[in-house]
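Structural description and commentary
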Amino acid sequence: MSTNIQTPATAPATAAPAAVRTRFAPSPTGFFHIGSARTALFNWLYARHTGGTFILRIEDTDTVRNSEEYLRVIYESLRWLGMDWDEGPGDAGGSFGPYKQSERTAIYHEYLAKLQAAGRTYEKDGAVWFRLEGERFTARETYKEADGTKLDRVVEKVKAAPVVIHDLIRGDVTRAEDRDFVLVRANGEPGFHFVNVVDDITMAVTHVIRGEDHLSNTSKHIELYNAFGATPPTFAHIPLILKNDGKGKMSKRDKGALIEEYQTRHFLPDAVRNFLCLLGWTPTDGREILPIADIIAQFDLRDVHQGNARFDERKMSHFNQQYLRDLPADVFNAKARQILRDAGLTDNADVAAAADAYVAAVLDLIREKLRGLEDLAPMSAYFFNEDFPRDAKTLETLQKKGDPAARVRQLLPALEALPDWDDASLDAVIGGLATAENVKLNEFFAPLRFAVSGLNGGPHLHAILRLLGRERALARMRTFAATPPTPPSA
RNA sequence: GUCCCCUUCGUCUAGGCCGGCCUAGGACAUCUGGUUUUCAUCCAGGUAACUGGGGUUCGAAUCCCCAAGGGGGCGCCA
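Residues numbered from 1 in each chain as written. Chains lettered and ligands numbered in written order. Predicted model: local features only at pLDDT ≥ 70, side-chain atom pairs only at ≥ 80, totals over all residues. Heavy atoms only, no water.

1. Some thoughts on helix α14 (residues 404-416)
Rules: Each helix corresponds to a stretch of at least 4 residues labelled H or I by DSSP, and each strand to a stretch of at least 2 residues labelled E; elements are numbered beginning at the N terminus. A helix is expected to span 1.5 Å multiplied by its residue count minus one. The term bend refers to the angle at a residue between two fitted axes, each drawn through seven residues, those ending there and those starting there. Accessibility here uses a 1.4 Å probe with only protein chains present; expressed as a share of the type maximum, an area under 20% marks a residue as buried, one over 50% as exposed, and anything in between as partly exposed. In protein, a polar contact requires one atom able to donate a hydrogen and another able to accept it; more generally it is a pair of N or O atoms within 3.5 Å, and residues adjacent in sequence count only if both atoms are side-chain atoms.
A rise of 1.5 Å per residue sets the reference length of α14, with its 13 residues, at 18 Å; its end C-alpha atoms lie 18 Å apart and thus fit the reference within 8%. The axis of α14 is deflected most strongly, by about 25°, at Q410, and proline P413 appears within four residues downstream. Taken residue by residue, α14 has P404, A405, R407, V408, L411, L412 and L415 as its buried positions. A distance of 3.1 Å separates the backbone nitrogen of A405 from a side-chain oxygen at the start of α14, and that oxygen is part of D403.

Okay, here's the thing in structure tokens:
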């Protein structure tokens, strides 16, 4: 039975090593997962580090699940993270195209014919299968379904010779494939393992960098390379990202798993990218936060870790905060204004009238208080609207200590009588009253802050009062002063 | 069931290839104190880890073996 295709000798390394070609091959599913982003990133980094080529290939064979619309998610996510590709679909260029699997049918036919000619295929249930070489036998096994249910079944197995996977991260892994697998599905579409290998051969990919979940499947791929008489590429199976709590790898259903979430929460893409780099790799110079150019210079696959990593959003927030702090003023202002516009805060007619200078002043006050841009709108809403949100917990805390409205009532007459609305005058009134009452300054500051901002923190109170302007600030205080006293708690 | 990969503070990790410099270092988180009218920042300090058992060795986080635990594959998903 065995029609032997010559097993390729391991790369007869002639002359100079071929230029590195890596690829990222996502399936357009409508989601862009953190794990996918990190895989793309490592491929991109390695290509950039070596001066090689980074290829974007779209694995859209499973047509029922894929749609044009979903492609945009991939493009946008990659661009947001600052990854550019040298070859890919559309006008990206490259002479190894097409770069969408749905357009490569002719190539798959051609390669399937090679396998058929070599007698390595057979049909069963309408699908085309790859025939492993070796003694056949049947075995009973317990198989776990995707939903977790277990079932016993009898399967035909093959005693195939083990193959060795040369992996830059795992070392040499020996594994024997023990079952034939589908090349072309009954519906005529080629299957993942088949197209993946054909594409990597025809696109001259030199380094396959992907998640460790593919490590076991790699023996299938090597069987195919051998059957085609092709030299397998160098593999690098990177560790998986585990969910923050609970068991297993992060999946798209897990909280915080989608890149899109961090976009909408206004995380800075450079911070997210920097953090992703550290999930499974450590810079050699000891820094954690460093410019992408320095990461590219230091990145090497042999330094990638073997153990899986757990995703910790708190640490990423810290990165985000550091990047935010270092953002140039003009960049910050542009981003911040966009966020305020999108939140509908600057649409307000009054604000529009006050215009630019006012918004600039608000941003000036708020910036140093920000931990992330996602806090910008909630922390500055009271500068733009009268119906800003009042934080219930803060009010509750204040009321536990006394009657905040009463405090504001105490201050109000003196503030209303103030000839000048400046720091010194405000200080005199508030400080004077605190001294007279023999209480801490904050006994007055906190209720007043709540009255005008609805919050328990933020910029210096005087700065808020001055920026709001005398009349607006006083109006808010009067409203709050009229608040009924704390109901006697049960 | 079976095969493959992995195992240092709560989390991300340094160190391991070339055993002694490790009474195991850093970062995030957390706790304490200081600065700040508040909040955020910032500063100082603290708690906290080599999965277990054997072996090799004068000496093991580092080398070997076993176990346990974790992760993944075994799909006409990718």
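More follows now that the structure is in view.
2. Details of the side chain of R38
The test is simple: The convention is simple: Lys and Arg are positive, Asp and Glu are negative, and His and the chain ends are not counted. Criterion for a salt bridge: a side-chain nitrogen of Lys or Arg within 4 Å of a carboxyl oxygen of Asp or Glu.
Mapping R38 onto the fold places it in helix α1 (residues 34-50). Buried and unpaired, R38 has no salt bridge, with D213 as the nearest side chain of opposite charge at 8.2 Å.

3. Thoughts on the domain arrangement of chain A
The line we're drawing: In this entry, domain limits derive from an automatic or database-based domain assignment. Contact between two residues is taken to exist if any of their heavy atoms lie within 4.5 Å; hydrogens are not considered. By convention, the term buried area covers the 1.4 Å-probe accessible surface removed from two parts as they join, with the contributions of both added.
Its domain assignment divides chain A into domain 1 (1-117 + 188-326), domain 2 (329-384) and domain 3 (392-482). The interface is formed by 10 residues belonging to domain 2 together with 11 residues belonging to domain 3. Both faces considered, domain 2 and domain 3 share a buried interface measuring about 890 Å² in area, 74% of it formed by carbon and sulfur atoms. Of all residues in domain 2, L365, Y382 and F383 give up the largest surface area on contact with domain 3, accounting jointly for 62% of the area buried on that side. On the surface where domain 2 and domain 3 come into contact, there are 0 salt bridges. At the junction of domain 2 and domain 3, the tally comes to 3 residue pairs in polar contact (both at pLDDT 80 or more). Put simply, the parts of the chain that give the side of domain 2 that touches domain 3 at least two residues each are α11 (349-367) and α12 (376-380).

4. As for the layout of surface pockets
One way to see where empty space is left: roll a probe the size of a water molecule over the atoms. What counts, and what does not: In this analysis a 1.4 Å probe is tested at points of a 1 Å grid over the protein atoms alone, and where it fits but cannot get out there is a cavity; an open set with protein on both sides within 12 Å along at least five of seven lines is a pocket; lining residues have an atom within 4 Å of a point. Grid points are joined across faces, edges and corners, and a volume is the space filled by probe spheres set on the points.
Taken as a whole, the largest pocket holds about 1,300 Å³ of empty space. In terms of lining, the largest pocket is formed by 41 residues, of which the most central are S27, S36, D213, H214 and K252. At the level of elements, β1 (21-24), α1, α4 (192-202) and β10 (207-211) are the ones that each hand at least two residues to the lining of the largest pocket. Sorting elements by how many residues they give to the lining of the largest pocket places α1 first, with 5 residues.

5. As for the packing of aromatic side chains
Here is the rule: Stacked, tilted and edge-to-face pairs are distinguished by plane angle, under 30 degrees for stacked and over 60 for edge-to-face with tilted covering the rest, among Phe, Tyr and Trp rings (Trp via its six-membered ring) whose centres lie within 6.5 Å. By definition, being over a ring means that NZ of Lys or CZ of Arg is both within 6 Å of the ring centre and within 35 degrees of the ring normal.
Going through the model one piece at a time under the given rule, you end up with 15 aromatic pairs. Members of the aromatic cluster, each reached through a chain of ring pairs, are Y262, F267, F275, F311 and F319. Between K124 and the ring centre of W129, over which it is positioned, the NZ or CZ distance is 4.3 Å.

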